[in-house]
Amino acid sequence: MGKYRICVYAICKNEEKFVERWIHSMREADGIYVTDTGSSDKTVALLQKGGAIVQQKTVSPWRFDTARNLSMDAVPEDYDICVCTDLDEVFHPGWRSALEKAWQPGTLRARYRYTWNFNPDGSEGVVFFADKIHARKGFRWVNPVHEVLRYDGGAYQTVTVPGIQLDHHADNTKSRAQYLPLLELAVQEDPQNDRNTHYLGREYLFRGEYQKAIDMLLRHLSLPAATWADERCASMRYIAKSYDAMNNAAEAERWFLRAEAEAPHLREPWTDAALFYYRQKNWHAMLFCCEKALTIKNRPDTYITEAASWGALPYDLSAIGYYYTGDQKRAAKAIEQALVLAPQDARLQKNHQLILSGQTQNT
C-alpha cells in the first residue's frame, strides 16, 4: 500500500486486442474498474482474467459523459485518487510513484504528459498535457463528446506531475459515425462552450463542409469565452484552409495573416501559411514564413501543436524556397536539416540530390 489508495477506471467496448497491454500498464494501481458498454468479443473475460472489476452497462442514447460517470460511480468511495484512462492508452512504468510524490494534501487534480498520436516512423506526433487524474469526490464528467471533468466545489489545486507519461495508440478501425452528431449535440446543449464550438468547426473542415466550418469557426471567435490566443489562431487557420479549399485565395491569405498576428509565438500559423504560399509559388513569402517558424524553438505543451510544424516540414519548404530563389548553399543546408528529422523520406532524399546537382526539376 502506498501513501494513497489509487484506482484506475475506464469504459470500453470490443477492445480485446488492447486488454493485456492495458492491464499490465495499469497494475501499479490498487484497483482497476471497467465499465463495458456492450462488448461482443472477449473483452470482458480478458479484463476479469487480468484482475479488473468489470460492470456491464447499456448507455442509450450514447453519451461519453454518461458512460464515464457510470464508470466512476463504480469506484468505491474510499479511494483517494482516480485515474481515468482508455484501453488504447499505456502508462510508462513508474507512474504511480511519480503521482504519489507530486500529490500533496489539498491536491484535487493532476496534469501529466500525454502523447496523442505517433508518426509513421514511430516518433511522437501531437503531445500535450492531459488532466484525467482527480480526487475521488466532487468531480463529474460533462459533454456528450470531448467530455471534461467538472468540479462542484469551486477553485481547487492542480499539480503537474513530472515522470508520468501516457501514450495513446489509437484504434483507427473504430467508426467515427457518432462523433459529429454528438459534437453538434454538445454545442446545442451549451452554445457558449467555446472549446466544443471550435471542435465542431474543425470537424466540418475535416469532413469537407467548408462553409459550415467557416460559419462555426466565426461563431467560436465571437464567443466571450474564446480568449485563448492559441485556439483562436487555430480557428483562423481553419477558416483560411476552408477558403483555400473553396479556391478563394484572397480570403485564405487574409485569414492566414490574421492567424499569424493572433499567435505569432506558434509555429503552426507560419507553416500553414508557408504551405499556402508554396501552392501559390510565392517563394519569397514562403521563405519569410518558414524563417519565422524556425525562430520558434520551444514547443508548447498544449493540444494545439501539430507534429508537422515541429518536424521536417519548415526545413523542407525552406529548401524549396531557397532553391527557387537561387540560394543553392542555403537550400542544401535546409534540406540536410530536414533529412536529419526525416532520414527515410524518399522525396527529401531526391530533393537533396537535385539541390546538390543544381538541376531545375520541380521539387
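Residues numbered from 1 in each chain as written. Predicted model: local features only at pLDDT ≥ 70, side-chain atom pairs only at ≥ 80, totals over all residues. Heavy atoms only, no water.

Description of the side chain of Asp88
Piece 1. As for its position among the elements, Asp88 is in the loop between β4 (81-84) and β5 (89-91).
Piece 2. Of note is the side chain of Asp88, whose polar atom sits 3.2 Å from the side chain of His168.
Piece 3. Not counting residues up to four positions away in its chain, the partners in contact with Asp88 are Glu15, Phe18, Arg21, Asp167, His168, His169, Ala170 and Asp171. (Helix = DSSP H or I, 4+ residues; strand = E, 2+ residues; numbered from the N terminus. Polar contact = N/O pair within 3.5 Å; in protein donor to acceptor, adjacent residues only side chain to side chain. Contact = heavy atoms within 4.5 Å.)

As for the packing of aromatic side chains
Piece 1. Scanning the model with the defined rule gives 17 aromatic pairs in all.
Piece 2. Look at Tyr114 and Trp116: their rings are 6.4 Å apart centre to centre, the planes differ by 50 degrees, and that puts the pair in the tilted class.
Piece 3. Taking 5.8 Å as the distance between ring centres and 70 degrees as the angle between the ring planes, the aromatic pair formed by Tyr199 and Tyr303 counts as edge-to-face. Residue Tyr199 is found in helix α6 (residues 194-206), and its partner Tyr303 is found in the loop between α11 (283-294) and α12 (313-324); the two are separated by 104 residues along the sequence. The same class applies to Tyr199 as to Tyr303, namely buried.
Piece 4. Members of the aromatic cluster, connected to one another through ring pairs, are Tyr278, Trp283, Tyr323 and Tyr324.
Piece 5. One Lys or Arg, Arg68, reaches over the ring of Trp141 and ends 5.7 Å from the middle of that ring. (Phe/Tyr/Trp six-rings, centres within 6.5 Å; stacked < 30°, edge-to-face > 60°. Buried < 20%, exposed > 50% of the residue type's maximum accessible area, 1.4 Å probe, protein only. Lys NZ or Arg CZ within 6 Å of the ring centre and 35° of its normal.)

Notes on helix α9 (residues 249-262)
Piece 1. In this model, α9 (14 residues) spans 20 Å end to end at C-alpha, consistent with the 20 Å of a helix rising 1.5 Å per residue.
Piece 2. Inspection of α9 places Ala252, Trp255, Phe256, Ala259 and Glu260 among the buried residues, and these make up the whole buried set. One side of α9 carries all its buried residues, which in axial view fall inside an arc of 145 degrees. Residues of α9 that are exposed and point more than 90 degrees away from the buried face comprise Ala250 and Ala261.
Piece 3. Structurally, α9 contributes buried residues whose contacts are with α7 (210-222), α8 (229-245), α10 (268-280) and α11. (Expected span 1.5 Å × (residues − 1). Arc of directions from axis to C-beta.)

What about the packing of α8 against α9?
Piece 1. Across the interface, α8 lies against α9 with an axial gap of 8 Å and an inter-helix angle of 165 degrees. With respect to their mutual orientation, α8 and α9 come out roughly antiparallel. Where α8 crosses over α9, the two elements pack in a sense that is left-handed. Facing Ala229, Arg232, Cys233, Met236, Arg237, Ile239, Ala240, Lys241, Tyr243 and Asp244 of α8, the residues of α9 in contact are Glu251, Ala252, Trp255, Phe256, Arg258, Ala259 and Glu262.
Piece 2. Of the residues assigned to the contact of α8 with α9, the class counts are 10 nonpolar, no polar and seven charged. (Axes fitted to C-alpha atoms, helices over the stretch in contact; angles between N-to-C directions. Parallel < 35°, antiparallel > 145°, perpendicular 65-115°, else oblique. Left-handed = near helix turned anticlockwise from the far one by under 90°. Nonpolar A, V, L, I, M, F, W, Y, C, P; charged D, E, K, R; others polar.)

Considering the layout of surface pockets
Piece 1. By volume, the second largest pocket is sized at about 410 Å³.
Piece 2. In terms of lining residues, the second largest pocket is bounded by 17 residues, among which Asn119, Asp121, Ser123, Gly311 and Leu341 are the most central.
Piece 3. Grouping the amino acids of the lining of the second largest pocket by side-chain chemistry returns nine nonpolar, four polar and four charged. (1 Å grid on protein atoms, 1.4 Å probe; cavity = no way out; pocket = protein on both sides within 12 Å on 5 of 7 lines; lining within 4 Å. Points joined across faces, edges and corners; volume = space filled by probe spheres on them.)

Side note on the nonpolar core
Piece 1. Within the largest apolar cluster, 100 residues are counted, with the highest numbers of intra-cluster contacts made by Tyr9, Trp22, Leu47, Trp95, Leu99, Ile133 and Ile164.
Piece 2. Apart from residues lying up to four places away in sequence, Trp95 is in contact with Ile6, Val8, Ser25, Met26, Glu28, Ala29, Val83 and Ile164.
Piece 3. With 16 residues, the next largest nonpolar core counts Tyr315, Tyr323, Ala332 and Ile355 among its residues. (Core = buried A, V, L, I, M, F, W, Y, C linked by side-chain atoms within 4.5 Å.)

Quick look at the pairing of strand β7 (residues 127-135)
Piece 1. Sheet topology places β4 next to β7; three bridges connect them, and they run antiparallel. From the neighbouring strand, Val83 faces β7, where its bridge partner is Ile133.
Piece 2. Relative to β7, strand β6 (residues 107-115) runs antiparallel, the two sharing six bridges. Bridge pairing in β7 links Ala110 to Ile133. (Pairing = 2+ DSSP bridges.)

Thoughts on the pattern of salt bridges
Piece 1. As enumerated under the stated definition, the model contains 23 salt bridges in all.
Piece 2. Here Lys17 ties to Asp171 by a salt bridge, and the two come within 3.3 Å at their closest N and O atoms. Taken as a pair, Lys17 in helix α1 (residues 16-26) and Asp171 in the loop between β10 (157-168) and α5 (179-189) lie far apart in primary sequence, 154 residues in all.
Piece 3. Several salt bridges converge on common partners, so that one network encompasses Arg237, Lys241, Asp272 and Glu306. (Salt bridge = Lys/Arg side-chain N within 4 Å of Asp/Glu carboxyl O.)

Some words on the environment of Leu294
Piece 1. In this structure, Leu294 sits in helix α11.
Piece 2. Using a relative accessible area of 14% as the deciding quantity, one classes Leu294 as buried.
Piece 3. For the pair Leu294 and Pro314, spaced 20 residues apart in the sequence, the C-alpha separation amounts to 7.0 Å.
Piece 4. Sequence-distant contacts of Leu294, that is, excluding residues within four places in its chain, are made with Arg267, Pro314, Tyr315 and Ser318.

Here we look at α8
Piece 1. With 17 residues, α8 should cover 24 Å at 1.5 Å per step; its first-to-last C-alpha distance of 24 Å lies within 8% of that length.
Piece 2. A positive phi of about 65 degrees marks Asn247, the residue just after α8.

Some points on the state of the cysteines
Piece 1. Enumeration according to the criterion identifies zero disulfides in this entry.
Piece 2. Cys7 takes part in no disulfide bond, and the closest cysteine sulfur, belonging to Cys82, lies 3.8 Å away. (Disulfide = S-S within 2.5 Å.)

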